Amino acid sequence: MEAFLKGLCSNKKKAPVCDAKVQSAFVDLAVALRDALPILKSSHASRESFNEASSPLQDYPASSTSLINASWLLKHCSTVSSALGANYLAECIFDVATNESLDEASQQAALFDVLGSSDQAMAVLLEIMPVMREIARNMRRDELVSGDAAVQNGNIIASDSVYLDLEEEKRQFLLQEAREAAQLAELARQELENANLYSNSSETLTHSVVRQSNRDAVKQVERLEKKAAQALARAKEQGAILDDEIFWKLDLQERGPGGLMKKSTNDLEALQDSLLASGAKQYYNDKGLPFGTIFEKGSGYEKVIIPAARRDESKLPDRLKIREVMDEACQRAFDGTETLNPMQSTVFDVAFWGRENMLVCAPTGAGKTNVAMLTVVSHFRDVGLLPGASASNQTIMETGRKVVYIAPMKALAQEVVEKFSSKLKSLRLIVRELTGDMQLTRAEAESANVIVTTPEKWDVVTRKSGTDELSLGNQCGLLIIDEVHLLADDRGAVIESVVARHHRLVEARQRQLRIVALSATLPNYMDVANFLQVPPRGIFFFGPEFRPVPLQQSMIGISTKDRRQRDLKMNEICYDIVIDSLRRGYQVMVFVHSRKGTGDTARALADLAAADGALESHFVTAGKDGVAGDAYSRYKDKVIKSRDRQVAIHFQNGMGIHHAGMLRGDRKLTENMFSDGAIKVLCCTA
């Protein structure tokens, strides 16, 4: 065989007579076989002789005499810049080539991980991929690891002239890989933490997701952390890392480049400020939206859902028992209530035993009305109108004997009158309403102990007070302002003038007047407290955790620019929310911006419900069994007598409207119908 090949290569004229292309192929085959004979002689006995011609590299001409062997592979690996050395790279390439479970795509991905993404690496990868089978057949691992050749400066030399500790280089490479992976994960995590998007604390991860882009950012952090953990595991397996704690305690210089690593939030903010244009300032909101806020984008609208805050009773103040903190006379104002809630218990000492001004900011439903009642009972006790009650200073206080409660709207004023009348009736205290709907005679005003009014009405009363000690304004000893955040509204000037006038009266008459302000939402409460002259002891601010029932908030913005299409879209979204609540057995209140909008919204909801086939089944209460049907029967005759046609029209659809432009009787009728369940949906002004 060897003689035949030598003769065939040395004398081309003796080649069999055949086609020129076939003859040329035989010649190339003979050359390749001749060069392969030395390797074939030294190969394993178990290796089978190959019968396929090797595919030449693209950068080698067909007439080249080079063969795919260990020297060839080591030479190409030497062109790749790597701390592992050419021998280790060649060994990894050989492992990929001999792994029969890998397809071509998997082989290419594995080679990319081994060689890297540099230009030299990509060039070598393109040359190696077509000859992976030849690498597996023509080479042995011992030739690449300790083998017959090593590479230095691109030249193949004898392996015994170079000493290379491949195991140590491998460990150093894995250690560096673990450090870089950990650094990338740390930087990504730090960026998310500074943006209030990511945290490892179980206390803050109470809800689900944010925007889609932020979801992707969180997933990117998780991917980087997973890669870092895998790199750490590989390094530990090879002995490059012996102790996790020592590895994580490495300082910034030891863990590689990246000056933002381990930087605090203040350092990062200072760095950002230093990059701003001259005179510019960056504002940072430490709170932002709660973690877990969900952002949704639909057809023509965008929706932001703020999840309800978790309520942990163990972290709230203890509840005070009324019978233990009040005498019997004062307890009568709280009949049916055994304990004060955590918010009321917190303010009790100042509200009930103090005389300083107060500002209480607490969520809706947290019990601010009972805080006002505490100050009312305290005031009447101190001025001697509660027989048998123990005064805080054991003396009758020289101040106005009346209490004035300012409610933002007439409807709320009426509600306060009903609540206070029922609570103070047992104490023989009289509560009167003074609004645009209810006028008081002089005798009624004189006999009233509590006057519930609106800002505009009380502004008119106090303007006429002057220095007359018997005037209604000068008889006020306790002024309660509900919804004081309306200072920032169009009506804020009226409240501001009322407060300023009372401050002037206190200075002029040298008689104490206590101001108690209540608000649900007041971000700059310290500014309001300064305006109301509230001392630090009287300032209270409570977060959403004090809300008895957790509240989930949803804000929907319509992105359609056309006004008609925008109104239609708003009605559709409103209907979807209303019908969802009705199907779960709840009543619904829909707040609109105008009086006319109440009727328009009710009609739109009725039309959409009729088109959806849900009007009779979910809205209408007529003819239904249970509480709703009984309530409908009770109010049917009263609705017919109403002078407002819209009340009767919407009542047939199980809905109602409510705004300040309605007659007082119609407003009261609608409130009672909604309270008793005769109507399920109420459209009203905010």
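Residues numbered from 1 in each chain as written. Predicted model: local features only at pLDDT ≥ 70, side-chain atom pairs only at ≥ 80, totals over all residues. Heavy atoms only, no water.

J.: What is the right way to read the overall build of the protein chain from this model?
T.: Within the protein chain, the regular secondary structure consists of 27 helices and 15 strands. When each of the 686 residues of the protein chain is scored for burial, the buried share is 41%. Taking the intrachain contacts of the protein chain between residues at least 6 apart in sequence as the baseline, contacts between residues at least 24 apart amount to 68%. Accessible surface for the protein chain amounts to roughly 38200 Å². Of this, 51% is attributable to carbon and sulfur atoms. (Helix = DSSP H or I, 4+ residues; strand = E, 2+ residues; numbered from the N terminus. Buried < 20%, exposed > 50% of the residue type's maximum accessible area, 1.4 Å probe, protein only. Contact = heavy atoms within 4.5 Å. Areas by Shrake-Rupley, 256 points an atom, 1.4 Å probe, with all protein chains shown as cover.)

J.: What is the right way to read unusual backbone geometry from this model?
T.: If a residue is not glycine, its phi is most likely negative; likewise, a peptide bond is most likely trans. Look at R428: it is not a glycine, yet its phi comes out positive at around 60 degrees. Checked against the element boundaries, R428 lands in the loop between α17 (410-424) and β7 (431-434). Under the relative-accessibility criterion, R428 is labelled exposed at 77%. Phi at Q533 takes a positive value of approximately 60 degrees, unusual for a residue other than glycine. Summarising the element assignment, Q533 is placed in the loop between α21 (525-532) and β11 (539-541).

J.: Help me understand the sheet that holds strand β14 (residues 655-658), please; the structure alone is not making it clear to me.
T.: Strand pairing within a sheet occurs via backbone hydrogen bonds; the two strands may be parallel or antiparallel. Strand order across the open sheet formed by three strands is β13-β15-β14, with parallel pairing between neighbours. Looking at strand neighbours, the two that pair on one side only are β13 (588-592) and β14, the edges of this open sheet. Between one strand axis and the next, the sheet turns through 20 degrees on average, direction left out of account. Bridge count between β13 and strand β15 (residues 681-685): five bridges; the pairing is parallel. When the bridges of β15 are listed, V592 appears paired with T685. (Pairing = 2+ DSSP bridges. Axes fitted to C-alpha atoms, helices over the stretch in contact; angles between N-to-C directions.)

J.: I keep staring at the side chain of S581 and nothing clicks. Help me out?
T.: Within the fold, S581 resides in helix α22 (residues 563-583). Residues within four places of S581 in sequence aside, it is in contact with Y586 and V588.

J.: How do you make sense of empty space enclosed by the protein when you look at a structure like this?
T.: Rolled over the atoms, a probe as big as a water molecule pinpoints where empty space is left. As enumerated under the stated definition, the model contains two cavities of 30 Å³ or more in all. Around the largest cavity, the lining residues are T399, G400, G473, C476, H502, L505, V506, R509, R511, Q512 and L513. By residue number, the principal contributor to the lining of the largest cavity is helix α20 (residues 492-509), which donates four residues. For the lining of the largest cavity, the per-class residue count stands at four nonpolar, five polar and two charged. (1 Å grid on protein atoms, 1.4 Å probe; cavity = no way out; pocket = protein on both sides within 12 Å on 5 of 7 lines; lining within 4 Å. Points joined across faces, edges and corners; volume = space filled by probe spheres on them. Nonpolar A, V, L, I, M, F, W, Y, C, P; charged D, E, K, R; others polar.)

J.: I keep staring at the pairing of strand β6 (residues 402-406) and nothing clicks. Help me out?
T.: A regular strand places its side chains on the two faces of the sheet in alternate fashion. Counting buried residues in β6 gives five out of five residues, a clear majority hidden from the surface. Taking every second residue as pointing to the same face, both faces of β6 are buried, with K402, V404 and I406 on one and V403 and Y405 on the other. By the bridge criterion, five bridges tie β6 to strand β9 (residues 476-481) in an arrangement that is parallel. Across the sheet, residue I406 finds its bridge partner in β9, namely I481. Pairing of β6 with strand β8 (residues 450-453) involves four bridges; the strand directions are parallel. The partner of Y405 across the bridge, within β8, is V452.

J.: Is there a simple way to think about the state of the cysteines in this case?
T.: Among covalent bonds in proteins, the disulfide is the one between the sulfur atoms of two cysteines. Considering all chains together, one arrives at zero disulfides under this definition. C574 takes part in no disulfide bond, and the closest cysteine sulfur to it belongs to C683, at a distance of 6.9 Å. (Disulfide = S-S within 2.5 Å.)

J.: What am I meant to see in the nonpolar core here?
T.: Where a protein is soluble and globular, its nonpolar side chains tend to be buried together. Of all hydrophobic cores here, the largest spans 46 residues; its most connected members are V376, Y405, F420, L424, V450 and I480. When residues of this core are assigned to their parent elements, the largest contribution, seven residues, is made by helix α16 (residues 368-382). Discounting chain neighbours no more than four positions away, the residues touching V450 are V376, F380, V403, F420, L424, I430, V431 and R432. (Core = buried A, V, L, I, M, F, W, Y, C linked by side-chain atoms within 4.5 Å.)

J.: Would you explain the pairing of β15 in this entry?
T.: Within β15, four of the five residues are buried, which leaves it mostly tucked inside the rest of the structure. For β14 and β15, the ladder comprises four bridges, and the chain directions are parallel. Along β15, the bridge assignment pairs G656 with L682. Crossover β14 to β15 through helix α27 (residues 664-676) is right-handed. (Right-handed = clockwise from strand over helix to strand, strands pointing away.)

J.: Looking at this structure, I do not really get the pattern of salt bridges. What am I missing?
T.: Counting across every chain of the model gives 17 salt bridges. Note that E433 is salt-bridged to R664, the shortest N-O span being 2.9 Å. Here R664 lies in helix α27 and E433 lies in strand β7, a separation of 231 residues in the sequence. Of the residues examined, E433 reaches a relative accessible area of 4% and is grouped as buried. Using a relative accessible area of 26% as the deciding quantity, one classes R664 as partly exposed. For R584, the salt bridge identified is with D580, shortest N-O distance 3.2 Å. Take R584: its relative accessible area is 53%, and that puts it in the exposed class. One connected set of salt bridges, linked through shared partners, spans D459, R463 and R501. (Salt bridge = Lys/Arg side-chain N within 4 Å of Asp/Glu carboxyl O.)

J.: Help me out: how do you make sense of the layout of surface pockets in this one?
T.: Size it by volume and the second largest pocket reaches roughly 1000 Å³. What lines the second largest pocket is a set of 30 residues, and nearest its centre among them are D113, V114, F173, E177 and R234. Put simply, the parts of the chain that give the lining of the second largest pocket at least two residues each are α4 (86-98), α5 (104-115), α9 (166-194) and α10 (212-237). The leading source of residues in the lining of the second largest pocket is α9, at eight residues. Looking at the lining of the second largest pocket, its residues break down into 15 nonpolar, seven polar and eight charged.

Treat this as a map of the structure, not an account of what it does.
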